[in-house]
Amino acid sequence: MPKVNIQKKSTDTDMTPFVDIAFLILSFFIMATKIKAPEPVKTTPPNSVSSKTLPKDESVLITMDDKSQVYFTILSETDKTVAPKLIADINAKRNLNLSAKQQSNFARTNIIGTSFAQLGTLLNLPDDKRNSITQTGIPVSDSLNNELVWWIGSAKTAFADGKRRVKFLIKGDEKAKYPAFEAVIDALRRNEEMKYYLVTSLEQPPAGTDLYISRQKGTTKD
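For clarity, every value in this text was computed on a predicted model and none was experimentally measured.

**Student:** Can you explain the overall build of the protein? Please cite residues and give values.
**Tutor:** For the protein, the count of helices and strands is eight helices and six strands. Among the 222 residues that make up the protein, the fraction classed as buried is 35%. Long-range contacts, defined as pairs at least 24 residues apart, comprise 63% of the intrachain contacts of the protein with a sequence gap of at least 6. Counting every atom, the protein has about 14900 Å² of accessible surface; 56% of that belongs to carbon and sulfur.

Structure (structure tokens):
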């Protein structure tokens, strides 16, 4: 019986196309992913059920930590002129005599939680120390010297260009005391701001409700 010779083929696989595909996928995720900045102040807000999404751009976040200390943060990511306008307005109205470098540093400051008397010292620090130092909060307990009033007023000035209206978000730790919240609301009221958003931890709505059903169907965005 004649012997059949079976042709042997190489088992090596050219991996070049796979490497190219993997590189393209990696490049896509690097370019498309937006890294979330760490929270400057750690808070545990109370729970609530809501179907509304909080605004992120053209907004200001007022935070109260578990010690009832108050902090101020600009959330606008689309307009880089807001921070320079805000600090320039504060500097002029409060006669702080901040230097050009200090005002430039303000735009790279994650959060403000200090008095006007200590603001210049804070803005003199290098970026890494300025954004990691423990601050003691904006003074709000004295109704006659509630410094948050000035920050809110300057925020309105910085955002006002005839087309935009700044949105105010309040995020309070569940252990924050009521007097701090009352002082924040008073600062808004004195700037004729009667509308604001309360930031809470989202919880699941009761089963059977319309909001519960819509979330199960994926038709409601949180």
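Here the narrative resumes.
**Student:** Explain the environment of Asn91 residue by residue, including any values.
**Tutor:** Within the fold, Asn91 resides in helix 2 (residues 82-94). Asn91 sits 12 residues away from Gln103 along the chain, and the two C-alpha atoms are 8.6 Å apart. Excluding its chain neighbours within four sequence positions, the residues that come into contact with Asn91 are Leu96, Asn97, Leu98 and Gln103.

**Student:** Outline helix 6 (residues 148-159), supporting the account with residue identities and numerical values.
**Tutor:** Each α-helix turn comprises 3.6 residues. Residues three or four places apart therefore point the same way. Look at helix 6: 17 Å from first C-alpha to last across 12 residues, which is about the 16 Å you get at 1.5 Å a residue. Within helix 6, nine of the 12 residues are buried, which leaves the element mostly enclosed by the surrounding structure. What helix 6 keeps buried is the set Leu148, Val149, Trp151, Ile152, Gly153, Ser154, Ala155, Ala158 and Phe159.

**Student:** Can you explain the environment of Ser141? Please cite residues and give values.
**Tutor:** Considering the arrangement of structural elements, one finds Ser141 in the loop between helix 5 (127-130) and helix 6. It is 9.5 Å that separates the C-alpha atoms of Ser141 and Val184, two residues lying 43 residues apart in sequence.

**Student:** Tell me about the pattern of salt bridges, and please be specific about residues and values.
**Tutor:** Inspection of the entire model under this criterion finds seven salt bridges. One salt bridge connects Glu193 with Lys156, and the closest N-O pair in it is separated by 3.2 Å. With Glu193 in the loop between helix 7 (178-190) and strand 5 (197-199) and Lys156 in helix 6, the pair connects residues that are 37 residues apart, well separated along the chain. For Lys156, a relative accessible area of 26% corresponds to the partly exposed category. The residue Arg190 makes a salt bridge to Asp186 at a minimum N-O spacing of 3.4 Å. Of the two residues, Arg190 and Asp186 are both situated in helix 7; the distance of four residues between them amounts to about one turn of the helix. Among the charged side chains, a salt-bridge network with shared partners connects Arg108, Asp127 and Arg130.

**Student:** Would you mind going over the sheet that holds strand 4 (residues 167-172) in detail, with residue names and values included?
**Tutor:** With mixed pairing, four strands are arranged side by side in an open sheet as 3-2-4-5. With one partner strand each, in any of the chains shown, strand 3 (70-74) and strand 5 form the two edges of the open sheet. Taking each pair of neighbouring strands and ignoring which way they run, the sheet shows an average axis angle of 25°. Note: strand 2 (residues 59-64) against strand 3, five bridges, orientation antiparallel.

**Student:** An account of the side chain of Glu193 is needed here, citing residue identities and associated values.
**Tutor:** For Glu193, a relative accessible area of 4% translates into the label buried. Side-chain polar atoms of Glu193 contact the side chain of Lys156, separated by 3.2 Å. At a separation of 3.2 Å, a polar atom in the side chain of Glu193 contacts the side chain of Arg165. Beyond its immediate chain neighbours, meaning those up to four positions away, Glu193 contacts Lys156, Arg165, Phe168 and Leu188.

The rules behind these values
- Residues numbered from 1 in each chain as written.
- Predicted model: local features only at pLDDT ≥ 70, side-chain atom pairs only at ≥ 80, totals over all residues.
- Heavy atoms only, no water.
- Helix = DSSP H or I, 4+ residues; strand = E, 2+ residues; numbered from the N terminus.
- Buried < 20%, exposed > 50% of the residue type's maximum accessible area, 1.4 Å probe, protein only.
- Contact = heavy atoms within 4.5 Å.
- Areas by Shrake-Rupley, 256 points an atom, 1.4 Å probe, with all protein chains shown as cover.
- Expected span 1.5 Å × (residues − 1).
- Salt bridge = Lys/Arg side-chain N within 4 Å of Asp/Glu carboxyl O.
- Pairing = 2+ DSSP bridges.
- Axes fitted to C-alpha atoms, helices over the stretch in contact; angles between N-to-C directions.
- Polar contact = N/O pair within 3.5 Å; in protein donor to acceptor, adjacent residues only side chain to side chain.

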